[in-house]
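# Coordinate analysis (summary)
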Amino acid sequence: MAKNTLSSRFRKLDIDEFDENKFVDDHDEPVDNQGPDGAEIDNLIRQGDMMTAFHIALRNPPVNTKNPAIKERALAIVLRVLTSFKSSDIEPAVKSLDRSGVDLLMKYIYRGFEKPSDNSSAILLQWHEKAFAVGGLGSIVRVLTARKTV
Amino acid sequence: MSLHQFLLEPITCHAWNRDRTQIAISPNNHEVHIYQKSGNQWVKSHELKEHNGHITGIDWAPKSDRIVTCGADRNAYVWSLKDGVWKPTLVILRINRAATFVKWSPLENKFAVGSGARLISVCYFESDNDWWVSKHIKKPIRSTVLSLDWHPNNVLLAAGSCDFKCRVFSAYIKEVEEKPGPTPWGSKMPFGAVLAEFGGAGGGGWVHSVSFSSSGNRLAWVSHDSTVTVVDGTKGSTPSQLKTEFLPLLSVLFISENSVVAAGHDCCPMLFRCDDGGSLTFVSKLDLPKASITRNISAMERFRNMDKRATTEDRNTALETLHQNSITQVSIYEGDQSDCRKFCTTGIDGAMTIWDFKQNVINDIHWNEMLTRGQHGPQLKTRLSQ
């Protein structure tokens, strides 16, 4: 056999990275949001002020960073808030959001669906139902087409 | 509204002739069929068979009566009627991927073809050699071009593409036209220059369709993230985007300087209003479903349903809208882009529907609302007072 078939280092090469026509997203907006403040949220949950905790949790979404740790942290905080809600409080909370807020909430809900835990699925489904009533199919489509995810 | 079902195949694209007596459609194959209106029926009069791949775009020039078609076979043909037969002329586009869209310019001396080769081919007729020559607009398009629309000045071209952006290019060809005057979009317009670029950052989906208003000052586009966006060139370059709660829209059209009709995967045309401040609002769906009648099913029907479908209920699977599948194209039927009275939609269900603003049910419900808000300008007000 020819000598050059002995080495299999070429198999570790990702040939798509070298494609000249590879689509690279525009890198703008260097402002990276760090996600909501966990300690503040914990305080509010302990005090029972779910509405404020909800609004703060949805502030500063880490959509621009590529750092998965920041995104995970933000997701965990938001999910903690969402799962601490009583079912009857979900609808007014969703109604208090504007269009982009509903889209952001939908993004978090679908991220929450990715890793279901014991008590999260049921409450997330209720959140999904209320958010869908306001945002419609368009909000779900925007979760699917978003280039910048939470 | 009147619906005509051509065949069961999807209508990929359609184009009307000048007096709307003939329509050219492609039933999702390599051919273009031309139907002639006779009374209330449409009769097939010609079949244009030259392409080797699916037809992706048809445009019929109203004044010169020429048809241009483009297809997945990377070709475009210009068809002229000679002695009652449509004769094709091949256009060398020099693209190595499928063509996706074609549109005649307003003066019909050139046409633009969008393609999957990430470029736009602007073609003009060179009389010395008696053939169509193409020029390419490549930069900075990064993905397939899905849709094109010409500005009324015959030079500017808007393009929506799969790289999530909508751009305005200059397609000025010095061989066929004079230098254009300045426009709100820019004054220096060498061929291929990008005068404006919108979209991308953050959200964004493929831009399915773009449309200039009749004055050319406004540009609207719909994209796959279920949004409609309008930008007014005279008011600076901040686009006004409306995030809809519907499924993505596939085709958009200005029907007056302030109103936009769009239709898509919800199988229903929707009306949007763009006010003078430039902000976009949703007005209404233009296809109001008939109230579904719940009737008592006879015993015979119950048994028949049980036999055929293993169910005893009368479950009607038809959609409530007129179109039973996504609408892929909206075009003007009567009127022009500054004042459209009727428009036409075709879709994947193989149906062609003509929508009439006057007779439309939305008149009753929404017209008063519209008048009090002073929308749509003087034309519609006077028409209603007649």
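Please read these numbers as outputs of a predicted model, since none were measured by experiment. (Residues numbered from 1 in each chain as written. Chains lettered and ligands numbered in written order. Predicted model: local features only at pLDDT ≥ 70, side-chain atom pairs only at ≥ 80, totals over all residues. Heavy atoms only, no water.)

Summing up its helical and strand segments, chain B has three helices and 28 strands in all. Considering only contacts in chain B between residues 6 or more positions apart, those separated by 24 or more positions represent 48%. Accessible surface, chain B: about 17200 Å² in total, of which carbon and sulfur atoms supply 51%. (Helix = DSSP H or I, 4+ residues; strand = E, 2+ residues; numbered from the N terminus. Contact = heavy atoms within 4.5 Å. Areas by Shrake-Rupley, 256 points an atom, 1.4 Å probe, with all protein chains shown as cover.)

Time to look at the overall build of chain A. For chain A, the count of helices and strands is six helices and zero strands. Reading chain A from its N end, one meets helices and strands in the order α-α-α-α-α-α. In summary, chain A has a C-alpha radius of gyration of 20 Å against a globular reference of 15 Å for 150 residues, an excess of more than 25%. By its C-alpha atoms, chain A is 70 × 30 × 30 Å across when sized along the principal axes. Split into buried and exposed, the 150 residues of chain A put 39% on the buried side. Restricting the contact set of chain A to residue pairs at least 6 apart, pairs at least 24 apart contribute 77%. Accessible surface, chain A as shown: approximately 9200 Å² in total, 54% of it carbon and sulfur. (Rg over C-alpha atoms; globule rule 2.2 N^0.38 Å. Buried < 20%, exposed > 50% of the residue type's maximum accessible area, 1.4 Å probe, protein only.)

Turning to the nonpolar core, a few remarks are in order. All names here are of chain A. Counting residues in hydrophobic clusters, the biggest one holds 34 residues, and the most contacted among them are F54, V81, L82, F85, L105, Y108 and W127. Broken down by secondary-structure element, the contributors of at least two residues to this core are α1 (38-47), α2 (50-57), α3 (68-83), α4 (87-95), α5 (99-114) and α6 (120-145). V81 has contacts with I41, I45, M50, A53, F54 and A57, leaving out every residue within four places of it along the chain. (Core = buried A, V, L, I, M, F, W, Y, C linked by side-chain atoms within 4.5 Å.)

With that settled, the discussion passes to the UniProt feature "repeat: WD" (unreviewed entry) in chain B. UniProt feature "repeat: WD" (unreviewed entry): in the numbering of this structure it lies at residues 48-84 of chain B. What you have in residues 48-84 of chain B is 0% helix and 57% strand, and the ends, taken at the C-alpha atoms, are 12 Å apart. (UniProt positions renumbered as here; feature names shortened; annotations may be inferred.)

What follows is about the interface of chain B and chain A. Contacts between the two partners involve 19 residues from chain B, matched on the other side by 19 residues from chain A. Both sides of the chain B and chain A interface together cover about 1500 Å² of buried area, and 53% of this is carbon and sulfur. Interface area lost by chain B to chain A is led by R142, K243 and E245 of chain B, which between them contribute 35%. Across the chain B-chain A interface, the total number found is two salt bridges. Of the charged contacts, one joins R99 of chain A and E245 of chain B as a salt bridge, the two residues approaching to 2.9 Å between their closest N and O atoms. Linking chain B with chain A are eight residue pairs in polar contact (both at pLDDT 80 or more). Within the side of chain B that touches chain A, the residues separate by chemical class into five nonpolar, seven polar and seven charged. (Buried area = accessible area lost by both parts, 1.4 Å probe. Salt bridge = Lys/Arg side-chain N within 4 Å of Asp/Glu carboxyl O. Polar contact = N/O pair within 3.5 Å; in protein donor to acceptor, adjacent residues only side chain to side chain. Nonpolar A, V, L, I, M, F, W, Y, C, P; charged D, E, K, R; others polar.)

Before going further, it helps to examine the sheet that holds strand β10 (residues 99-104) of chain B. All names here are of chain B. Ordered in space as β10-β11-β12-β13, the four strands form an open sheet in which the pairing is antiparallel. A single partner strand is all that each edge strand has here, and the edge strands are β10 and β13 (131-137). Within the sheet, the average angular offset between the axes of one strand and its neighbour, ignoring direction, is 25 degrees. (Pairing = 2+ DSSP bridges. Axes fitted to C-alpha atoms, helices over the stretch in contact; angles between N-to-C directions.)

Taken residue by residue, a regular strand's side chains alternate between the two faces of the sheet. All names here are of chain B. Where burial is concerned, most of strand β19 (residues 218-223) is hidden: six out of the six residues are buried. Every second residue of β19 is oriented toward a common face, with R218, A220 and V222 on one face and L219, W221 and S223 on the other, all of them buried. Bridge count for strand β18 (residues 207-212) against β19 is five bridges, and the pairing is antiparallel. Paired with V207 across the bridge in β19 is S223. Counting the residues that bridge the hairpin from β19 to strand β20 (residues 227-232) gives three residues, and of these S226 lies at a positive phi of roughly 60 degrees.

Consider a sheet: its strands pair through backbone hydrogen bonds, and that pairing is either parallel or antiparallel. All names here are of chain B. Strands sit in the order β18-β19-β20-β21 across an open sheet of four strands; the sheet is antiparallel. The outermost strands of the open sheet, each flanked by one partner alone, are β18 and β21 (240-243). Pairwise comparison of adjacent strand axes, ignoring direction, gives a mean angle of 15 degrees for this sheet. Pairing of β20 with β21, which is carried by four bridges, proceeds in the antiparallel orientation. Within β21, the residue paired with V228 across the bridge is L242.

Right, let's talk about a nonpolar patch on the surface for a bit. All names here are of chain A. Taken together, the side chains of L13, I15 and F18 make up a nonpolar region of the molecular surface, amounting to roughly 370 Å² of accessible area. Relative to the elements of secondary structure, L13 occurs in the segment before α1. We classify L13 as exposed; its relative accessible area is 52%. (Patch = residues over 30% accessible without salt bridge, like charges linked within 9 Å, V, L, I, M, F, W, Y side chains within 5 Å.)

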